[in-house]
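# Remarks on the overall topology
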Amino acid sequence: MYDAMIFSRLDLPRVIAAWSAGRAVYVPTTAGGNTTLAPFDPERGLSLDYGNTTLSPKAFLFPQTECLLRFATCGQDAALAVAEPQGTQKRLLFGIRPCDAAAFALLDAVFCQDAHSTDPSWVSRRERTILVGLGCNTPDAACFCTAMGSGPHHPRGLDILAADLGDEVLLTPVTDRGRALLAEAASIVPGIPARGERGGTALGRAATLRINAEAVMARSPFAGLTLEAVARRSQRTVHALGIWPAIAETCLNCGVCTFACPTCHCFDIQDETKGASGRRVRNWDTCMSWLFTAHASGHNPRPTKVERVRQRFMHKFKYMPMNLGGRPGCVGCGRCVRQCPVNIDIREVLRTLDMACRAAPPSGAPRAEADS
Amino acid sequence: MKSRTFSPYVPRPATLVSKSPLSDLVTLYEFVQDNGKNLAHKPGQFIMVSIYGVGEAPFSISSAPIKESNVFEIAVRKIGAVTKALSELPVGTKVGIRGPFGTSFPVHEFVGKDTLLVAGGLGYIPIRSLLHYQLRHRQEFGRISVLIGTRTPKDRIFTDQIEALAKGGDVEVLETVDMPDADWKGNVGVITTLLPKARVEPQNTHVAMIGPPVMYKFVLRQCREMGIASDRIWVSLERRMKCGLGKCGHCQINSLNACMDGPVFRYTDIERLEEAI
């Protein structure tokens with residue numbers, strides 16, 4: 001921690017301006033009730049008074065639509081597809097929240113799970129995107145990162161963790177890349193190394209802010225959520241619980257939860273043509289859609305919304321922990337809680353799931369067979 | 001348009017070298033890769049075929065892996081956008097292919113054992129890859145029984161090959177149709193009506209089955225009743241797929257991806273997965 005730096009809050013725009021040399025910098029910007037990460041504009045200044053971006057920043061690494069390849073539909077080059085390199089721009093995202101950075105770290109395991117199938121555009125964007133996160137001093141009522149193995153000032157996935165101390169900002173490097181970036185800023189803007197008594201005070205204030213934020217979350221009615229019981233049960237047991245129809249009952253299958261979610265990563269692949277050329281794109285998809293699993297024959301393995309809603313929660317709370325060494329496929333950002341049009345609350349689902357798993361009979365009963 | 005970036009999403013060019021109708025809607029397509037290389041697939045694996053401007057879809061490989069020949073076959077029913085476009089391609093057209101992907105039938109485990117192949121409808125297409133592999137290495141395997149069920153006599157595919165196989169006498173071939181026509185002289189009924197007729201030694205038999213979703217649980221139950229151990233039964237499961245790389249989420253069967261953990265599963269690996277069968 002000794003290489004953390006303290007900057008005056010008033011100097012923060014200058015720090016960001018220094019980082020803007022040679023890369024595109026995005027900062028939180030609120031307009032019309034929505035917060036986005038928008039290109040940094042020194043004229044407009046910088047507000048740190050935001051909860052979190054309305055949509056997750058996943059589009060910076062996994063755009064809603066992106067070109068996978070280009071092709072000609074006729075002539076000599078027909079059937080010759082050429083990869084379209086993606087993510088060549090150097091970027092810095094300032095002010096992303098620790099939950100969203102944790103989501104990027106989680107998706108690394110999906111997009112780069114093995115050497116043969118590493119996703120080139122994810123890797124390219126990840127390598128060129130520096131993440132300077134801002135710890136949350138005032139988590140809101142929908143936040144539950146502490147229940148999902150993260151926290152309001154958690155550094156996982158970040159290059160630098162920033163703490164807003166009011167009159168000052170404490171920048172703590174997490175990676176070597178973050179350390180280099182901090183040195184870059186300090187060469188232009190006067191900063192104070194967080195050492196000695198001066199540093200101790202700043203580190204102490206940052207720790208207090210973190211503890212206060214965690215205390216706010218600990219007072220949430222959902223503070224004690226745990227996946228322990230879900231982890232103990234077989235996926236068959238969790239799948240067969242009787243809770244799913246009631247959870248799915250009000251769902252509209254609109255998919256807003258999956259689009260707002262920082263860890264949802266399912267995609268569709270489509271061809272688009274214009275004249276003699278075309279491109280193959282991948283678009284965000286949603287497991288809430290009937291088409292997501294529909295076969296050409298008309299058969300659908302997940303024919304009703306009950307199966308689809310169950311899939312979303314099972315994927316996050318059972319399958320991803322099974323496949324990713326225990327880490328849940330949810331970071332507790334709360335966006336689906338805030339944006340679901342029928343108020344399905346993933347925390348209530350998790351609590352119901354936890355209670356049902358605790359009450360479920362032990363796994364191992366043989367599977368019932370249908371009659372012919 | 002010129003780039004050397006490697007991407008697992010970019011298909012390799014292949015040329016359609018022959019097409020022959022198998023039934024009203026099913027056609028056999030033969031391809032060779034333009035890079036001159038053997039596809040080097042294993043029985044049960046699949047490829048993604050691209051028709052640029054229409055899309056990409058997964059198809060089981062129907063031919064056996066053959067070192068001496070670079071030709072590989074898929075058999076496809078005209079039913080959706082890509083398959084319709086495929087049916088309209090003239091011989092000589094180039095398409096894109098990715099793969100082979102997925103797991104295969106573990107033929108080394110079948111060595112020295114009897115094999116019961118159960119093919120419902122188009123399930124015969126991937127079963128054929130395994131069967132032809134076994135016929136090419138005939139001396140390594142014991143008895144081979146093939147059960148084939150189709151809806152109507154008009155839906156039967158590879159009829160000449162199957163009739164020749166049955167006449168040869170080396171392989172036991174049993175066929176049935178759900179709905180006979182006036183000319184049909186063979187068995188009538190669903191595929192489970194064939195199992196009791198097959199000469200199977202349960203203790204020494206490995207089973208490979210592929211068919212429509214409704215088929216599996218009935219055949220599986222019958223296999224169990226016959227005394228065939230679940231860990232000697234392999235099933236191949238079909239799901240909607242997009243990437244073939246375990247990322248896009250479409251083909252999930254509970255915690256597994258059909259594209260990488262499957263499509264061929266040992267039954268004991270999926271019997272406790274509610275979404276599998």
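Throughout this document, residue positions are counted from 1 along each chain, in the order its sequence is written. Chain A is the first chain written and ligand 1 is the first ligand written, with later ones labelled in order. Residue-level local features of this predicted model are given only where pLDDT is at least 70; pairs of side-chain atoms are given and counted only at 80 or more, and the full residue set underlies all totals for whole chains, interfaces and linings. Values shown for side chains rest on all heavy atoms present in the structure; no hydrogens or waters enter the calculation.

### Some thoughts on the state of the cysteines
Residue and element names in this part refer to chain A. Here, a disulfide means two cysteine sulfur atoms that sit within 2.5 Å of each other. Applying the stated criterion across every chain, the model contains zero disulfides over all chains. We note that C99 lacks a disulfide partner, and the nearest cysteine sulfur, in C333, lies 5.4 Å from it. A residue is classified by how much of its surface remains accessible, and C99, at 10% relative accessible area, is buried. C336 provides the cysteine sulfur closest to C330, a residue in no disulfide bond, and the two sulfurs are 6.5 Å apart. Burial here depends on accessible area, computed with a 1.4 Å probe over protein chains only, as a share of the maximum for the residue type. Under 20% is buried, over 50% is exposed, and the range in between is partly exposed.

### Topic: the packing of helix α3 (residues 124-136) of chain B against helix α4 (residues 159-168) of chain B
Residue and element names in this part refer to chain B. Direction vectors running N to C along α3 and α4 enclose 40 degrees, while the axes themselves pass 13 Å from each other. Here α3 lies oblique to α4, going by the angle between them. For the pair α3 and α4, the sense of crossing is left-handed. Residues Y124, R128, L131, H132 and L135 of α3 form the contact with α4, whose own contacting residues are Q161, I162 and L165. In terms of residue class, the contact of α3 with α4 is built from five nonpolar, two polar and one charged. In this analysis an axis means a line fitted to C-alpha atoms, helices contributing only their contacting stretch, and an angle means the value between N-to-C directions, from 0 to 180 degrees. Secondary structure counts use DSSP, requiring at least four H or I residues in a row for a helix and at least two E residues in a row for a strand, with both numbered from the N terminus. For classification, angles of less than 35 degrees are called roughly parallel, those exceeding 145 degrees roughly antiparallel, those between 65 and 115 degrees roughly perpendicular, and all remaining angles oblique. Each helix crossing is assigned a hand: it is left-handed if the near helix lies turned anticlockwise from the far helix by less than a right angle, otherwise right-handed if that turn is clockwise. Contacts are assigned to residue pairs that have any heavy atoms within 4.5 Å of one another. Charged residues are taken to be Asp, Glu, Lys and Arg, nonpolar residues to be Ala, Val, Leu, Ile, Met, Phe, Trp, Tyr, Cys and Pro, and polar residues to be all remaining types, Gly included.

### Some details on the environment of G102 of chain B
All names here are of chain B. As for its placement among the helices and strands, G102 is situated in the loop between β6 (94-101) and α2 (107-110). The spacing of G102 and Q252 is 150 residues in sequence and 13 Å in space, taken between C-alpha atoms. Leave out the neighbours within four places in its chain, and G102 touches Q45, F46, C259, G262 and P263.

### A few points about the sheet that holds strand β15 (residues 264-266) of chain B
All names here are of chain B. Between any two strands, pairing holds if DSSP finds at least two bridges. Sheet architecture is open: seven strands sit in the order β10-β9-β8-β7-β11-β12-β15, paired in mixed fashion. Only two strands of the sheet have a single neighbouring strand rather than two, namely β10 (187-188) and β15. When strand β12 (residues 233-236) meets β15, the two strands line up antiparallel, connected through three bridges. If you follow V235 over to β15, its bridge partner there is F265. Its contacts with the sheet put α3 on β7 (114-120), β8 (144-150) and β11 (205-210), and the angle it makes with β7 is roughly 155 degrees.

### Looking at the pattern of salt bridges
All names here are of chain A. Any carboxyl oxygen of Asp or Glu that lies within 4 Å of a side-chain nitrogen of Lys or Arg is treated as forming a salt bridge with it. As enumerated under the stated definition, the model contains 36 salt bridges over all chains in all. Notably, a salt bridge pairs R198 with E168, separated by 2.2 Å at the nearest N-O pair. Of this pair, R198 sits in helix α5 (residues 196-218) while E168 is found in strand β9 (residues 168-173), placing the two residues 30 residues apart along the sequence. Residue classification places E168 among the buried positions, given a relative accessible area of 11%. Connected through shared salt-bridge partners, E66, D119, R125 and R282 make up one network.

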